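Take a look at the letters that make up each chain.
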Amino acid sequence: MTDIPVELDKHRGMAAQKATDLRRALAEVENNVRELRERESDLENRLMTVPATSWPEAAVKARYLLNLYLATLPAEDTRHRALVSALFDDFLRLGGEGCGD
């Protein structure tokens, strides 16, 4: 027996290699989604529990909520999309740094 690992992927057919690659990619994506949900949950908990101490900090919370709302809007709802965009511009103009993307 040797201590050198055998690269099993080299001994598989092309279809098996592709299936393995797809399973690995899917597992990676699922892991990234899970991590993203955990980070979002942590952020939302902090946004709920830590009060804003300035208007720019409050605008950061509002920006987060507006982005959630924007994600639910249908593409053809250009009026509401334009309103959200105008509000983001207001945040930047009035709040200075700390409110931008």
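Above this text sits the structure in question.
Parameters and conventions
Residues numbered from 1 in each chain as written. Predicted model: local features only at pLDDT ≥ 70, side-chain atom pairs only at ≥ 80, totals over all residues. Heavy atoms only, no water. Helix = DSSP H or I, 4+ residues; strand = E, 2+ residues; numbered from the N terminus. Buried < 20%, exposed > 50% of the residue type's maximum accessible area, 1.4 Å probe, protein only. Contact = heavy atoms within 4.5 Å. Areas by Shrake-Rupley, 256 points an atom, 1.4 Å probe, with all protein chains shown as cover. Core = buried A, V, L, I, M, F, W, Y, C linked by side-chain atoms within 4.5 Å. Phe/Tyr/Trp six-rings, centres within 6.5 Å; stacked < 30°, edge-to-face > 60°. Lys NZ or Arg CZ within 6 Å of the ring centre and 35° of its normal.

Caption draft 1: Layout of the overall build of the protein. Summing up its helical and strand segments, the protein has three helices and zero strands in all. When the helices and strands of the protein are placed in sequence order, the string is α-α-α. Burial statistics for the protein: of 101 residues in total, 14% are counted as buried. Taking contacts inside the protein between residues at least 6 apart in sequence as the whole, the part at least 24 apart equals 34%. When the accessible surface of the protein is totalled, it reaches about 8,500 Å², and 60% of it is carbon and sulfur.

Caption draft 2: Seen up close, the nonpolar core. Formed by Ala59, Leu66, Leu70, Leu73, Val84, Phe88 and Phe91, the largest nonpolar core amounts to seven residues. Elements represented by at least two residues in this core include exactly α2 (55–72) and α3 (78–95). Discounting residues that sit within four places of it in the chain, Leu73 has contacts with His80 and Arg81.

Caption draft 3: Region of the structure containing the packing of aromatic side chains. Counted by the stated rule, this structure contains zero aromatic pairs. The ring of Phe88 is capped by Arg63, whose NZ or CZ atom sits 4.2 Å from the centre of that ring.

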